[in-house]
Amino acid sequence: MPSPYSLPLHTLRLVGRCAVPLIFWFSAGELVRFLLMYGATEVAYGDFRQLRLVGVMTLLTLVVMSAVTVTAGMLYCLRNALWEMRARADEGVADERFFRTLDRVAPAFAVLYLAWGFHTEDARDIYQMDLFHNFQEMTDASWFGEESQVGRGLVDLDWRVSLGAMVVMFGLKTLFAKFVEQGKTRFYGFAAAFSEFAFMFYGLNATVAVADARSEWMEHRTVVAGSKEVWSEAQKNVPLWDGVTNTFSEFWPLFLDAVAVPLAWLTVAMLVYGAFSDETRTLFKGTRLERGVDRLESSHDLTKRSFDQVTAGFRDRWVPLANSLRMVFNGGAPLFGMLCLCYVAISVAAQYGDRGLRALIGSRAEWTWAFAGPPVGFLREMITTVLTMALLAATFDIAATRARARGERLSDA
């Protein structure tokens, strides 16, 4: 039975055995990502601007879908090096094809990606590339006192066009979701994830537009003004209020980055390797609460729909993470600490390594970083991503192997 403390060594073992395909997947993903973002900065300018902005939103969706594909591909290429997969092969379980895995993982990946806000980084990268690529045009417009459209490719889409696109994407999302529920496997899961992302992006655009139009009106309403006044008075008069709120606001982001985010990515790894972790039943399996879940599932349709609507946000964001945490604990509680420690160590080491490499190259001529900066950033991201994917695979492998040694199974594949 492998020890939880062997997680770093097992991670390095996986990297050593699968370094070439991991690097290939990452490099191909970065190339596709760059081409899509570059296309988004080009298609946004010209005649028929609203139609062009729909194209920009579509390219943003494709950027996210490329992240889905690359993440699933990097995890998939580690399968043959895992002890758990060898044990399945000895039991006669057929290996799952990559496109079948991608089609199965994509819908759940979309929910996690949106629930935890990972898409904001993709939108930010498109915005920054737009500014960098069209910097001269923005400077000229500012010089002559003209209004520039640079950097507004994701926010200038008319809210009525967004609503129309939302309706179309909602219909497609519902249709493809039905196909997935019926067990059809002709990329309907991938198409459902694409529709989910597009629906969310168009919805965000429409919501922001309407919210901006009403923000000034809301600020002057009595309830809003009264709430702000009560909040400011509480900050002044309640003992230790500032200390508690400041401490929470300082440590909560660190907790999310060090604990919740690695668990979210571990959930994706579990889905790739066939351990379905997005169901409430899985969370309560083997506990006293499982009977309550059974009663809810056998209850009236209206009751189930009402419960699903009330708990949808909680389930999408936290139930998969709770299932991942339970899986890690089943593999040994120290495994959870090692996962978080190694995840943070990889991130911190990458930042210090980047800083050291830049110091080694030197910065006397600042213009050289226009050429040296991107390769250094690419190298840092490649090493970080490869080690992180191997870490997630190793964590799943150790937990599944330890569970198998106890006569349990973490996989439904």
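Residues numbered from 1 in each chain as written. Predicted model: local features only at pLDDT ≥ 70, side-chain atom pairs only at ≥ 80, totals over all residues. Heavy atoms only, no water.

Focus on helix 7 (residues 159-181)
- Taking 1.5 Å of rise per residue, the 23 residues of helix 7 would be expected to cover 33 Å, and the 32 Å separating its terminal C-alpha atoms lies within 8% of that figure.
- Residues of helix 7 that are buried: Ser162, Ala165, Met166, Met169, Lys173, Phe176 and Phe179.
- The N-terminus of helix 7 is capped by Asp158, whose side-chain oxygen sits 2.9 Å from the backbone nitrogen of Arg160. (Helix = DSSP H or I, 4+ residues; strand = E, 2+ residues; numbered from the N terminus. Expected span 1.5 Å × (residues − 1). Buried < 20%, exposed > 50% of the residue type's maximum accessible area, 1.4 Å probe, protein only. Polar contact = N/O pair within 3.5 Å; in protein donor to acceptor, adjacent residues only side chain to side chain.)

With respect to the packing of aromatic side chains
- Under the defined criterion, the tally for this structure stands at 15 aromatic pairs.
- Note on Phe26 and Phe378: the rings are 5.5 Å apart at their centroids and 50° apart in plane angle, and the pair reads as tilted. Here the residue Phe26 occupies a position in helix 1 (residues 7-43), and Phe378 occupies one in helix 16 (residues 369-405), the gap between them amounting to 352 residues.
- Taking the relative accessible area as the measure of exposure, Phe378 reaches 33% and is therefore partly exposed. (Phe/Tyr/Trp six-rings, centres within 6.5 Å; stacked < 30°, edge-to-face > 60°.)

Here we look at the UniProt feature "transmembrane region" (unreviewed entry) in the protein chain
- Mapped onto the present numbering, the UniProt feature "transmembrane region" (unreviewed entry) falls on residues 20-41, 53-76, 187-211, 251-276, 327-350 and 382-400.
- Across residues 53-76 one finds 100% helix and 0% strand; the C-alpha atoms that close the span lie 34 Å apart.
- Helix and strand shares over residues 382-400 are 100% and 0% respectively, and the end C-alpha atoms of the span are 27 Å apart. (UniProt positions renumbered as here; feature names shortened; annotations may be inferred.)

Some thoughts on the state of the cysteines
- With the rule as written, the count across this model stands at 0 disulfides.
- This cysteine, Cys340, is not joined by any disulfide, and Cys342 carries the nearest cysteine sulfur, 9.5 Å off.
- Classification of Cys340 by relative accessible area gives buried; the value is 11%.
- Given a relative accessible area of 13%, Cys342 falls into the buried group. (Disulfide = S-S within 2.5 Å.)

Points about a nonpolar patch on the surface
- A cluster of nonpolar side chains, Leu31, Phe34, Leu35 and Tyr38, forms an exposed patch at the surface whose accessible area comes to about 400 Å².
- Within the fold, Phe34 resides in helix 1.
- Phe34 sits in the partly exposed class, given a relative accessible area of 42%. (Patch = residues over 30% accessible without salt bridge, like charges linked within 9 Å, V, L, I, M, F, W, Y side chains within 5 Å. Areas by Shrake-Rupley, 256 points an atom, 1.4 Å probe, with all protein chains shown as cover. Salt bridge = Lys/Arg side-chain N within 4 Å of Asp/Glu carboxyl O.)

Structural notes on the packing of helix 1 against helix 5 (residues 119-133)
- Packing of helix 1 against helix 5 leaves a shortest axis separation of 9 Å and a crossing angle of 60°. By the angle class used here, helix 1 and helix 5 are oblique. Two packed elements cross with a definite hand, and for helix 1 against helix 5 that hand is right-handed. Two secondary-structure elements touch here, helix 1 through Arg33, Phe34, Met37, Tyr38, Ala40, Thr41 and Glu42 and helix 5 through Glu121, Asp122, Asp125, Ile126, Met129, Asp130 and His133.
- A breakdown of the residues in the contact of helix 1 with helix 5 according to their chemical character gives 6 nonpolar, 2 polar and 6 charged. (Axes fitted to C-alpha atoms, helices over the stretch in contact; angles between N-to-C directions. Parallel < 35°, antiparallel > 145°, perpendicular 65-115°, else oblique. Left-handed = near helix turned anticlockwise from the far one by under 90°. Contact = heavy atoms within 4.5 Å. Nonpolar A, V, L, I, M, F, W, Y, C, P; charged D, E, K, R; others polar.)

Concerning the nonpolar core
- Core analysis: the largest hydrophobic core is formed by 94 residues, its most contacted members being Leu7, Phe197, Trp265 and Tyr273.
- No other element matches helix 2 (residues 49-76), which puts 15 residues into this core.
- Phe176, Phe179, Ala191 and Ala192 belong to the second largest nonpolar core, which has 5 residues in total. (Core = buried A, V, L, I, M, F, W, Y, C linked by side-chain atoms within 4.5 Å.)

Observations concerning the packing of helix 2 against helix 4 (residues 98-115)
- Look at helix 2 against helix 4: their axes get within 9 Å of each other, and the N-to-C directions meet at 125°. By the criterion of interaxial angle, the relationship of helix 2 to helix 4 is oblique. For the pair helix 2 and helix 4, the sense of crossing is right-handed. Two secondary-structure elements touch here, helix 2 through Val64, Ala67, Val68, Thr69, Thr71, Ala72, Gly73 and Tyr76 and helix 4 through Phe98, Thr101, Leu102, Ala106, Phe109 and Tyr113.
- The residue inventory of the contact of helix 2 with helix 4, partitioned by class, reads 10 nonpolar, 4 polar and no charged.

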